Amino acid sequence: MSDNKILYRIIRPIIRIIFKILYRPKIKGLDNITDKRLILAGNHTSILDCLLLMSCTKRSIHFLAKKELWKFPQSLIFAHMGLIPVDRSVHDKNALKYAYEYLNNEALVLVFPEGTTEKNRGLMPFKIGAVKMSYETNSKITPFVIKGKYKIFHKSISIEFLKQISINNNLSEENDNLRNIIKERLKG
């Protein structure tokens, strides 16, 4: 795992400019990304979601991302940006280990609890990883909601960061609660 912050610092402003020009995203609730050690967890609508999140904050975000992204040539970029490869076919303990290391070093970790993009199926069931990481590292979660479609030169995509939540030891109940918070905000 590499954490080359120089590459991230070079790429993030470029992505931010491109997103402002092409997609003009509406961003709300940035004041909910306050804690240094924090998990961002929300719905996943498109492969562009990670770039949208990178364009929102100057902080480095460590994404949990499918291991298939670590194939050549994209591995040249992803391997040097603090991304965490996840083998979605198993309970990937290595991915959790790396995420815990980042959180224990006061970093920002992003999880899409659905584990894949929605592809017009609506909000899918959440995997328990985000709440488990939160509980085991004593990190808060900032839920977020992405609405709309990525349409070039339209203000058709928005992201809202919601109020932070703390997780107790009933992980199944907390996972349902996290999903319900996001589901309710998607309706509004």
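Scroll up to find the structure this text is about.
Residues numbered from 1 in each chain as written. Predicted model: local features only at pLDDT ≥ 70, side-chain atom pairs only at ≥ 80, totals over all residues. Heavy atoms only, no water.

**Structural notes on the nonpolar core**
Moving on, step 1. Leu 64, Val 109, Val 111, Met 133, Ile 141 and Leu 178 are the most contacted members of the largest nonpolar core, which has 27 residues in total.
Moving on, step 2. Residue assignment for this core shows that the elements contributing at least two residues are β2 (38-42), β4 (84-86), α4 (93-104), β5 (108-111), α5 (129-137), β6 (140-148) and α6 (171-187).
Moving on, step 3. Counting residues per element, this core draws most heavily on α4, which supplies six residues.
Moving on, step 4. Apart from residues no more than four positions distant in its own chain, Leu 178 is found in contact with Ala 41, Pro 113, Phe 126, Ala 130, Val 131, Ile 141, Pro 143 and Ile 165.
Moving on, step 5. Counting residues in hydrophobic clusters, the runner-up holds 26 residues, among them Phe 19, Leu 40, Ile 61 and Ile 146. (Core = buried A, V, L, I, M, F, W, Y, C linked by side-chain atoms within 4.5 Å. Buried < 20%, exposed > 50% of the residue type's maximum accessible area, 1.4 Å probe, protein only. Helix = DSSP H or I, 4+ residues; strand = E, 2+ residues; numbered from the N terminus. Contact = heavy atoms within 4.5 Å.)

**Description of the sheet that holds strand β1 (residues 26-28)**
The strands making up a sheet are joined through hydrogen bonds of the backbone, oriented either antiparallel or parallel.
Moving on, step 1. The strand order across the open sheet built from seven strands is β1-β7-β6-β2-β5-β3-β4, with neighbouring strands paired in mixed fashion. Both outer strands of the open sheet, β1 and β4, are each paired with one neighbouring strand and no more. Mean inter-strand twist for the sheet, computed between neighbouring axes without regard to direction, equals 20°.
Moving on, step 2. Note that strand β3 (residues 61-66) and β4 share three bridges and pair parallel. For Ala 65, the partnering residue across the bridge sits in β4 and is Pro 85.
Moving on, step 3. Strands β1, β2, β3, β5, β6 and β7 (157-161) of the sheet are contacted by helix α2 (residues 49-56), whose axis makes an angle of about 60° with β7. (Pairing = 2+ DSSP bridges. Axes fitted to C-alpha atoms, helices over the stretch in contact; angles between N-to-C directions.)

**A word on a positive patch on the surface**
Moving on, step 1. A cluster of like positive charges, contributed by Lys 66, Arg 88, Lys 119, Arg 121 and Lys 127, occupies part of the molecular surface.
Moving on, step 2. Within the secondary structure, Arg 121 sits in the loop between β5 and α5. (Patch = residues over 30% accessible without salt bridge, like charges linked within 9 Å, V, L, I, M, F, W, Y side chains within 5 Å. Areas by Shrake-Rupley, 256 points an atom, 1.4 Å probe, with all protein chains shown as cover. Salt bridge = Lys/Arg side-chain N within 4 Å of Asp/Glu carboxyl O. Lys, Arg positive; Asp, Glu negative; His and termini not counted. Charge placed at Lys NZ, Arg CZ, Asp CG, Glu CD.)

**A word on the side chain of Arg 12**
Moving on, step 1. By secondary structure assignment, the location of Arg 12 is in helix α1 (residues 5-22).
Moving on, step 2. When residues no more than four places from it in sequence are discounted, the contact partners of Arg 12 are Met 54, Thr 57 and Lys 58.

**Here we look at a nonpolar patch on the surface**
Moving on, step 1. Together, Ile 6, Ile 10, Ile 14 and Ile 18 make up a nonpolar patch on the protein surface, roughly 390 Å² of accessible area in all.
Moving on, step 2. Along the chain, Ile 18 falls in helix α1.
Moving on, step 3. Residue class for Ile 18 comes out partly exposed when judged on its relative accessible area of 41%.

**Examining the side chain of Glu 160**
Moving on, step 1. With respect to the secondary-structure elements, Glu 160 resides in strand β7.
Moving on, step 2. Its relative accessible area of 18% is what places Glu 160 among the buried residues.
Moving on, step 3. At a separation of 2.8 Å, a polar atom in the side chain of Glu 160 contacts the side chain of Arg 185.
Moving on, step 4. Apart from residues no more than four positions distant in its own chain, Glu 160 is found in contact with Lys 28, Pro 143, Phe 144, Val 145 and Arg 185. (Polar contact = N/O pair within 3.5 Å; in protein donor to acceptor, adjacent residues only side chain to side chain.)

**Observations concerning α4**
Moving on, step 1. Between its first and last C-alpha, α4 extends 16 Å over 12 residues, near the 16 Å set by a 1.5 Å rise per residue.
Moving on, step 2. Buried residues of α4: Ala 95, Leu 96, Ala 99, Tyr 100, Tyr 102 and Leu 103, and no others. End-on, the buried residues of α4 take up no more than an arc of 160°, which puts them together on one face.
Moving on, step 3. Contacts from the buried residues of α4 go to β2, β3, β4, β5 and α5.
Moving on, step 4. For α4, the side-chain oxygen to backbone nitrogen distance between the N-cap and Asn 94 is 3.1 Å, and the N-cap itself is Asp 92.
Moving on, step 5. Glu 106 occupies a position one or two residues after α4 and carries a positive phi of about 65°. (Expected span 1.5 Å × (residues − 1). Arc of directions from axis to C-beta.)

**Observations concerning the packing of α4 against α5**
Moving on, step 1. The N-to-C vectors of α4 and α5 enclose an angle of 45°; their axes lie 10 Å apart at closest approach. When the axes of α4 and α5 are compared, the pair comes out oblique. Regarding α4 and α5, the two cross each other, and that crossing is right-handed. Judged by residue contacts, Leu 96, Ala 99, Tyr 100, Leu 103 and Asn 104 of α4 engage Lys 132, Met 133, Glu 136 and Thr 137 from α5.
Moving on, step 2. Residues belonging to the contact of α4 with α5 are distributed by class as follows: five nonpolar, two polar and two charged. (Parallel < 35°, antiparallel > 145°, perpendicular 65-115°, else oblique. Left-handed = near helix turned anticlockwise from the far one by under 90°. Nonpolar A, V, L, I, M, F, W, Y, C, P; charged D, E, K, R; others polar.)

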